[in-house]
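Coordinates in review
Single-letter residue listing:
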Amino acid sequence: MDFQTVVFYFFSAVMVLASLRVITARNPVHAALFLVLAFFSAGGIWMLLHAEFLAIALVMVYVGAVMVLFLFVVMMLDINLERIRQGFWSYLPVGALVGVLMVVEMIMVLGGRYFGLEGMPAPGPVPDGYSNTKELGRLIYTDYVYPFELASLVLLVAMVAAVALTLRKRKNVKKIDPAQQISVKRDDRVRIVSMGAEKR
């Protein structure tokens, strides 16, 4: 077993343990920090696969932006942990069934002959001047342009749906109707009053 394989197993073990702690930690802040550790471990595995751009993007985008935002939201919200834990046992059978199905699917995928070490060998040495960022961009915008556009459309629909679901009308909040503001006329805003002169 060479050094690269040892490093791979180390990062994989850390990522699996951190992922388990994300769903088993009682404190939401600790769960978010374990998720940061899982992202770092995933970035290390990407580096072993000579995908430096994906590793840096994973660390910068998720750890540097998304997870920091999650951490601030979790710390700022007053989460009632006792209320969350009340419905745990009622959802446990469904959650256990989904977990067992996911484990069976992963065993079927990873245990097959197409996903073993023989079917997925380690990447070979890259030539001088090779840029995986350039190669990734070429593949995305040539061979996989339609799935890329479809993924962006799905994210756009999800973003619009999230805005629509969280948009609520509150009673004590002042708001402006843009349609009414645009269709306003002069007579609706200005009233000219004829007044007599006070001094002659």
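First, a word on scope: everything that follows refers to the structure included in this document. These numbers were taken from a predicted model, which means no experiment stands behind them. Residue numbers run consecutively from 1 along every chain, following the written order of its sequence. Selection of residues for local features in this predicted model requires a pLDDT of at least 70, selection of side-chain atom pairs for listing and counting requires 80 or more, and totals for whole chains, interfaces and linings are taken over all residues. Where side-chain values are given, they derive from all heavy atoms of the structure, hydrogens and water being excluded.

Thoughts on the overall build of the protein chain
Applicable threshold: Only DSSP runs of H or I covering at least 4 residues are called helices, and only runs of E covering at least 2 are called strands; the numbering of each starts at the N terminus. Any residue under 20% of the maximum accessible area for its type is buried, any over 50% is exposed, and the rest in between are partly exposed; the area is computed with a 1.4 Å probe on protein chains only. In what follows, residue pairs with any heavy atoms lying within 4.5 Å of each other are defined as contacts. Only the protein chains shown count as cover for residues, with accessible areas throughout obtained via the Shrake-Rupley method and a probe of 1.4 Å.
If you tally the helices and strands in the protein chain, you get nine helices and zero strands. Starting at the N terminus and ending at the C terminus, the protein chain contains elements arranged as α-α-α-α-α-α-α-α-α. Looking at the protein chain as a whole, 11% of its 200 residues are labelled buried. Counting contacts in the protein chain only where the partners sit at least 6 residues apart, residues at least 24 apart contribute 57% of the total. Accessible surface computed for the protein chain: about 17,800 Å², of which carbon and sulfur atoms make up 69%.

Focus: the pattern of salt bridges
Pairing of side chains with opposite charge becomes possible as their charged atoms draw close. Our working rule: The salt bridge criterion pairs a side-chain nitrogen of Lys or Arg with a carboxyl oxygen of Asp or Glu, the two atoms within 4 Å.
Going through the model one piece at a time under the given rule, you end up with one salt bridge. Here Glu135 ties to Arg138 by a salt bridge, and the two come within 2.6 Å at their closest N and O atoms. You can see Glu135 and its partner Arg138 sitting in helix 6 (residues 132-141), three residues apart, about one turn around the helix. On the accessibility criterion, Arg138 (42% relative accessible area) is partly exposed.

Focus on the packing of helix 3 (residues 52-76) against helix 6
Keep this limit in mind: Interaxial angle, 0 to 180 degrees, is taken between N-to-C directions of lines fitted to C-alpha atoms, where a helix line uses only the stretch in contact. Orientation labels follow simple angle bins: below 35 degrees gives roughly parallel, above 145 gives roughly antiparallel, 65 to 115 gives roughly perpendicular, and whatever is left gives oblique. Each residue receives one of three labels: charged for Asp, Glu, Lys and Arg, nonpolar for Ala, Val, Leu, Ile, Met, Phe, Trp, Tyr, Cys and Pro, and polar for the others, Gly being one of them.
Contact geometry of helix 3 with helix 6 gives a least axis separation of 8 Å together with a crossing angle of 90°. Taken as axis vectors, helix 3 and helix 6 run roughly perpendicular relative to one another. Contacts between helix 3 and helix 6 pair Glu52, Phe53 and Leu54 from the former with Asn132, Thr133 and Leu136 from the latter. Within the contact of helix 3 with helix 6, the residues separate by chemical class into three nonpolar, two polar and one charged.

So, helix 2 (residues 28-48)
Threshold: Expected span, for any helix, means 1.5 Å times one less than how many residues it has.
Across its 21 residues, helix 2 extends 31 Å between first and last C-alpha, which sits within 8% of the 30 Å expected from 1.5 Å per residue. Along helix 2, the positions that sit buried rather than exposed are Ala31, Ala32, Val36, Ala38, Phe39, Ser41, Ala42, Gly43, Gly44, Ile45 and Leu48. Contacts from the buried residues of helix 2 go to helix 1 (3-24) and helix 3.

Some details on the packing of aromatic side chains
Under the convention used in this document: Two rings belonging to Phe, Tyr or Trp (six-membered ring only in the last case) form a pair when the distance between their centres is within 6.5 Å. Interplanar angles under 30 degrees mark stacking, angles over 60 mark edge-to-face geometry, and anything in between is tilted.
Tallying each qualifying case throughout the model produces four aromatic pairs. Judged by centre distance (5.2 Å) and plane angle (40°), the rings of Phe39 and Tyr62 are tilted. You can see Phe39 sitting in helix 2 and its partner Tyr62 sitting in helix 3, a full 23 residues away along the chain. Look at Phe39 and you get buried, because its relative accessible area is 19%. Measuring from ring centre to ring centre gives 5.3 Å for Tyr141 and Phe148, while their planes differ by 70°; the resulting arrangement is edge-to-face.

Thoughts on a nonpolar patch on the surface
For clarity, the threshold we go by: Each patch is built from residues lacking any salt bridge and having more than 30% relative accessible area; the joining distance is 9 Å for like charges and 5 Å for nonpolar side chains (Val, Leu, Ile, Met, Phe, Trp, Tyr).
There is a patch of nonpolar side chains on the surface, built from Leu150, Leu153, Val154, Leu156, Val157, Met159, Val160 and Val163 and spanning about 750 Å² of accessible area. Inspection of the secondary structure assignment puts Leu153 in helix 7 (residues 145-166). By relative accessible area, which is 47% here, Leu153 ends up partly exposed.

Here we look at the environment of His30
Secondary-structure assignment places His30 in helix 2. Judged by relative accessible area, which is 41%, His30 ranks as partly exposed. Spatially, the C-alpha atom of His30 lies 9.4 Å from that of Leu71, the residues being 41 residues apart in sequence.

Regarding the nonpolar core
The following threshold applies: By nonpolar core we mean a set of buried residues, namely Ala, Val, Leu, Ile, Met, Phe, Trp, Tyr and Cys, connected to one another through side-chain atoms within 4.5 Å.
Counting residues in hydrophobic clusters, the biggest one holds seven residues: Ala32, Val36, Phe39, Ala42, Leu58, Val63 and Met67. Residue assignment for this core shows that the elements contributing at least two residues are helix 2 and helix 3. Residues within four places of Val63 in sequence aside, it is in contact with Val36, Phe39, Phe40, Leu58 and Val68.

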